[in-house]
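Fold and geometry: a report
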Amino acid sequence: MRLLLTGFEPFGEEIVNPSEAVVRVIGADPPAGVELTVRVLPVQLNSGFEHLLPALIAEPFDAWLGLGEAG
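To start, this report covers the structure provided alongside it. (Residues numbered from 1 in each chain as written. Predicted model: local features only at pLDDT ≥ 70, side-chain atom pairs only at ≥ 80, totals over all residues. Heavy atoms only, no water.)

**Side note on the overall build of the protein chain**
As a reminder of what qualifies: Every helix listed is a DSSP run of H or I at least four residues long, and every strand listed is a run of E at least two residues long, numbered separately from the N terminus. Computation of the radius of gyration draws on C-alpha atoms alone. For the globule rule, the value is 2.2 Å times the number of residues to the power 0.38. The buried label applies to any residue whose accessible area, calculated with a 1.4 Å probe on protein chains only, is under 20% of its type's maximum; exposed applies above 50%, and partly exposed to all values in between. Note on definitions: a residue-residue contact is assigned when non-hydrogen atoms from the two residues lie within 4.5 Å. Under the convention used here, a 1.4 Å probe and the Shrake-Rupley method define accessible areas, while residue burial counts only the protein chains that appear.
For the protein chain, the helix and strand inventory stands at two helices and three strands. Secondary structure elements in the protein chain, listed N-terminal to C-terminal, are β-α-β-α-β. In summary, the protein chain has a C-alpha radius of gyration of 12 Å against a globular reference of 11 Å for 71 residues, a match within 12%. On the principal axes, the C-alpha backbone points of the protein chain span a range of 35 × 25 × 15 Å. Each of the 71 residues in the protein chain was classed as buried or not, and the buried ones make up 25%. Considering only contacts within the protein chain whose residues lie at least 6 apart along the sequence, 66% involve residues at least 24 apart. With an accessible surface of roughly 4,700 Å², the protein chain has 60% of that area assigned to carbon and sulfur atoms.

**Re the side chain of Ser19**
We count it as follows: The term polar contact refers here to a pair of N or O atoms within 3.5 Å; inside protein, the definition further demands a hydrogen-donor-capable atom paired with an acceptor-capable atom, and it admits residues adjacent in sequence only when both atoms are side-chain atoms.
Among the structural elements, Ser19 can be located in helix 1 (residues 18–28). Taking the relative accessible area as the measure of exposure, Ser19 reaches 4% and is therefore buried. A polar side-chain atom of Ser19 sits 2.8 Å from a polar atom in the side chain of Asn17. What Ser19 contacts, discounting residues up to four positions off in sequence, is Gly7, Phe8, Leu67 and Gly68.

**What about the sheet that holds strand 1 (residues 2–8)?**
Selection rule: A strand pair is defined by DSSP finding two or more bridges across the two strands. For helices, the fitted axis covers only the stretch in contact; all axes are lines through C-alpha atoms, and the angles between them, taken along N-to-C directions, range from 0 to 180 degrees.
Read across the sheet, three strands follow the order 2-1-3 without closing on themselves; strand pairing throughout is parallel. Bordering the open sheet on either side are strand 2 (35–41) and strand 3 (63–66), each of which pairs with just one other strand. Strand-to-strand twist of the sheet, defined as the mean angle between neighbouring strand axes without regard to direction, takes the value 20°. Direction of pairing for strand 1 relative to strand 3: parallel, over a ladder of four bridges. Bridging across to strand 3, Leu3 finds its partner in Ala63. Packed on one face of the sheet, helix 1 meets strand 1 and strand 2 and runs near 145° to strand 1.

All we've got here are geometric facts, nothing functional implied.
Written as structure tokens, this is what we have:
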């Protein structure tokens, strides 16, 4: 299975975004049988999608799992 896993950079007053931390931990040791691509997206209006769409178009992923944090 080819999976795109995304999280976000810290935003606002936060130093760490838990979604970025989770993505990096999973990316360092992906589950067996998963070909994993990790992206950490910026937190700016529309900027995240500008980084996400090229990745989705460039590679034939079976799934995309996007993680995030509500402020």
